[in-house]
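Listed here are the chains, written in short residue letters.
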Amino acid sequence: MSPYVLLIILTSLLLGTSLTMLSNHWLMAWMGLEINTLAIIPLMTYPNHPRATESAIKYFLTQATASMMVMFSIIHNAWMTNQWTLSQISNHNACTLMTIALAIKLGLAPFHFWVPEVTQGIPLLSGMTLLTWQKIAPMSLLYQISPSLNMKILTTLAILSTLLGGWGGLNQTHLRKILAYSSIAHMGWMTIIITINPTMTLLNLIIYIMATLTLFFMLNLTSITKIKSITNLWNKATPMAIIIFLTLLSLGGLPPLTGFLPKWLILQELVANNNAIMAIFMALSALLNLFLYMRIIYATTLTMFPTSNNSKLQWFQTQTKPTTLIPTLTIISSLLLPLSPLFIILHY
């Protein structure tokens, strides 16, 4: 892809997300979502491949349907309340429809079916953009209208997302599909707390994005897309295997890694607000996700890919892909748990 075309696409992505995050008018926020959707389509279809084209069409149709529902919700709310302000969505029907539309955009269950299929058919870096950057704009809208949202609908969507995100990834062998189901589960964790404490949603989103970026950068660096291909990584590049090991455990929410922090605070907040049953469901669903990641860790560290070579160690090859962000992202996604008292103090 031409550098100038790539610059235009990335600028459009930044513009769309910024427009949605900073706007106070519903039409401007909707325009930002549309710019975001249209900007990522060329990234998904490059290089040109029938599978990538199919994924791009699936993504476009799904996002166009969600955008249509957003627009219908906006117009209905303006008709009933004569308000176009972003935070003023007081009509019950408009609020319900907006919640469903944003759930489709975020890939929350039961509207999650497009996420694994689209992620599987596109390149690694495009999948990384889809599962990280593309979540920011819809989540910012959900964050801003959270006081008006229906808690019962959000709780149902969140519990379904965490359960189906865990169950769906158990039988997968493709790493992109596993990370897609991981995204669905993490979106459920963010959604269940957004009406009680939106700050926890932002914390969870930031840590999830950092950990997912680390994993995708590592997979792109090693050109690995399947679990069976990752079995040779321990002998080929031990530091990369350790980074993947730590990041997966962090995504699973295992202490003493960074990923434990948002799950711990969310469960604590749910119990403090007399939602102990929901906290139990969320904690049990976290075990499903942890088992999902442990399968990859087992393949990474405890198995060896069959080889006819007598030497266990591979010849070192100079790496040409950029690795400058990986150490920083690894530290952020794995070693921030000691800062948890600071987050708690800032919260309270």
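Residues numbered from 1 in each chain as written. Predicted model: local features only at pLDDT ≥ 70, side-chain atom pairs only at ≥ 80, totals over all residues. Heavy atoms only, no water.

**Observations regarding the overall build of the protein chain**
Stage number 1. Scanning the protein chain from terminus to terminus reveals 16 helices and 0 strands.
Stage number 2. Whereas a compact globule of 348 residues would reach a radius of gyration of roughly 20 Å, the protein chain reaches 20 Å, a difference of no more than 12%.
Stage number 3. In terms of overall dimensions, the protein chain has a C-alpha envelope of 75 × 50 × 35 Å along the principal axes.
Stage number 4. Burial status across the protein chain gives 52% buried among its 348 residues.
Stage number 5. When contacts within the protein chain are restricted to residue pairs at least 6 apart in sequence, long-range pairs at least 24 apart make up 77% of them.
Stage number 6. Only carbon and sulfur atoms are counted for the fraction: they give 71% of the accessible area of the protein chain, which is about 16100 Å². (Helix = DSSP H or I, 4+ residues; strand = E, 2+ residues; numbered from the N terminus. Rg over C-alpha atoms; globule rule 2.2 N^0.38 Å. Buried < 20%, exposed > 50% of the residue type's maximum accessible area, 1.4 Å probe, protein only. Contact = heavy atoms within 4.5 Å. Areas by Shrake-Rupley, 256 points an atom, 1.4 Å probe, with all protein chains shown as cover.)

**Comments concerning the pattern of salt bridges**
Pairing between side chains becomes possible if they bear opposite charge and their charged atoms approach one another.
Stage number 1. A complete count under the given rule lists 4 salt bridges for this structure.
Stage number 2. Across the pair Glu117 and Arg51 runs a salt bridge whose closest N-O atoms are separated by 3.6 Å. Placement of the pair is Glu117 in helix α5 (residues 114–121) and Arg51 in helix α3 (residues 50–81), with a sequence separation of 66 residues.
Stage number 3. Judged by its relative accessible area of 29%, Glu117 falls in the partly exposed class. (Salt bridge = Lys/Arg side-chain N within 4 Å of Asp/Glu carboxyl O.)

**Details of helix α8 (residues 151–168)**
Stage number 1. Between its terminal C-alpha atoms α8 stretches 25 Å, which fits the 26 Å expected from 18 residues at 1.5 Å a residue.
Stage number 2. Residues of α8 that are buried include every one of Leu154, Thr155, Leu157, Ala158, Ile159, Ser161, Thr162, Gly165, Gly166 and Gly168, and no others.
Stage number 3. Packing partners of the buried residues in α8 comprise α4 (92–106), α9 (175–192) and α14 (276–301).
Stage number 4. Measuring from the backbone nitrogen of Lys152 back to the side-chain oxygen at the start of α8 gives 2.9 Å, which picks out Asn150 as the cap. (Expected span 1.5 Å × (residues − 1). Polar contact = N/O pair within 3.5 Å; in protein donor to acceptor, adjacent residues only side chain to side chain.)

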